[in-house]
Each structure stands twice: as structure tokens, then as C-alpha cells.
Amino acid sequence: MVTHVPSEAHGDERGALLHFVEAQRGALRRSVIGLTDEQAATRPSASELSLSGLLKHNAECELNWLRMAQQRPNEKQRDQSNWHESFQLTGDETVEGILAFWDEVALETEEFVRKVPSLDDTFPLPPAPWFPKDGRVSMRWLMMHLVEEFARHAGHADIIRESLDGKTAFELVAAANS
């Protein structure tokens, strides 16, 4: 779990972007260190967010963007009827299972980004009210968006974890490195 993003080799923009994405994944993953599934599902504030829900949402979010970039169907496609389930563990899902799923997605993302001919290559955005009509984004944009998305939710995770048991991000980094 990366806590310090190393300087990339000169000109290795892909490596730098992948390191920054991994650093933010690590922040989210560390948020559940030492918690049971029940504790990770706790919602200690007015928000409906939980740590396990944040993990699942970010793993599914990464998969969704990866599938858009690959121009392949998303096997975990959400719609209005089940969007809420992307923020909560359902059925027999566990934190351990979500983390393993996210590991697979992360590996696939890295392999895809390393193989794409250029970070300037683009892919179409699907029709949605929040996307421009006939919009396209680059692979570079994709990676920056994942940093943005994960960082936003890592902040949520920091607050939730501290509300649960007082543990701060620095304590969780130390626990992860011990």
C-alpha cells in the first residue's frame, strides 16, 4: 500500500499516474485495517457512507471506467434500480472479497494502461446528462479522474474511520507497515 508516491523515471508519465492511483487506492484500503465486516459497514454519521461501501463503490467505479476505456460491456453495470447497492455489501459479500475483487481490477487497469499505445488515445463517453453529447476523454484523463475519485472518497474514509474508533490515517499507515 503506497503511502509516498515515488518520483517517476524521467518521462514515465504512465508510471507516475499509476503510482498516484495506487496511492489513493491504498488510502481507501487502509481504512478497514483491523475492522470486522460489521464495523466496516457501520455508518457513524448522517451520511449513508460506510467504509465497506466506499471500497465496493471505488472498485466498481474503477471497473466501470476501465470497461469504458476498453470499450467493453461492464459485467457489474448499475442503473437506478440498483445504484445504491454499489455503496453497500450485499448477499455474501465481505470486505476481504471486495478487496480481492479490487486487486483484480487494479491489475487489469495497470496492464491496460501500460499497453495502450498513447495516453492521448481517447474513448467515447456514454450518453448521460452529466457527460457532453458525443464526449470523449483520453487515457490520461481517465487516470487523473481515478486519482480524483479515489482521493475524494479516501477523505470520506478518513472521517468515517476516525469516527468509528479514533484511528487516523497516520496510525493506519503505521499499522499497514508493521
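**Student:** Sorry if this is basic, but what is going on with the packing of aromatic side chains here?
**Tutor:** For any two aromatic rings, the description comes down to two numbers: the centre-to-centre distance and the angle of the planes. All told, the structure shown has six aromatic pairs when counted by the stated rule. Plain terms: the ring middles of Trp65 and Phe123 are 6.4 Å apart, the flat faces sit at 70° to each other, and that makes the pair edge-to-face. Taken together, the residues Trp65 in helix H3 (residues 51–70) and Phe123 in strand E1 (residues 122–124) connect sequence positions 58 residues apart. Overall, the relative accessible area of 0% leaves Phe123 in the buried class. Ring geometry for Trp83 versus Phe87: centroids 6.0 Å apart, planes at 70°, classification edge-to-face. Residue Trp83 is classed as partly exposed on the basis of its relative accessible area of 46%. Grouping aromatic residues by their ring pairs yields a cluster made of Trp65, Phe123, Trp130, Phe131 and Trp141.

**Student:** Please clarify how the environment of Met139 should be interpreted in this entry.
**Tutor:** Tracing the backbone through its elements, the reader meets Met139 in helix H5 (residues 139–165). Between the C-alpha atoms of Met139 and Ser118, which are 21 residues apart in sequence, the distance is 7.7 Å. Every residue in contact with Met139, bar those within four places of it in the chain, is listed here: Ala69, Phe112, Val116, Ser118, Leu119, Asp121 and Phe123.

**Student:** Before we go on, may I ask you to explain the environment of Ala106 in this structure?
**Tutor:** The residue Ala106 is located in helix H4 (residues 95–115) in this model. On the basis of relative accessible area, Ala106 is assigned to the buried category, the value being 13%. Placed 85 residues apart in sequence, Ala106 and Val21 show a C-alpha to C-alpha distance of 9.3 Å.

**Student:** Please explain the side chain of Thr109 as it appears in this structure.
**Tutor:** Within the secondary structure layout, Thr109 lies in helix H4. For Thr109, a relative accessible area of 2% puts it in the buried group. Once you skip the residues sitting within four places of it in the chain, Thr109 turns out to touch Arg25, Glu62, Leu66, Met143 and Leu146.

**Student:** Quick question: what am I supposed to make of H3 here?
**Tutor:** An α-helical turn contains 3.6 residues, so a residue and the one three or four places further along point in the same direction. The end-to-end C-alpha distance of H3 is 29 Å, a good match for the 28 Å that 20 residues give at a rise of 1.5 Å each. Here H3 lies mainly inside the structure; 19 of its 20 residues are buried. Backbone geometry just downstream of H3 places Gln71 in the positive-phi region, at approximately 55°.

What counts and how
- By convention here, each chain's residues receive numbers from 1 onward along its written sequence.
- Residues qualify for local features only when their pLDDT is at least 70, as the model is predicted, and side-chain atom pairs are given and counted only at 80 or more; totals for whole chains, interfaces and linings, by contrast, use all residues.
- As a convention, hydrogens and water are excluded, and side-chain values are obtained from all of the structure's heavy atoms.
- Side-chain rings of Phe, Tyr and Trp, where Trp is taken by its six-membered ring, are said to pair if the distance between their centres is within 6.5 Å; with planes under 30 degrees apart they count as stacked, over 60 as edge-to-face, and otherwise as tilted.
- Under the scheme used here, helices are H or I runs from DSSP no shorter than 4 residues and strands are E runs no shorter than 2 residues, and both carry numbers assigned from the N terminus.
- Type-normalised accessible area, obtained with a 1.4 Å probe on protein chains alone, sets the label of each residue: buried when under 20%, exposed when over 50%, and partly exposed for intermediate values.
- Contacts: residue pairs with any heavy atoms within 4.5 Å of one another.
- The span you would expect from a helix comes to 1.5 Å times its residue count less one.

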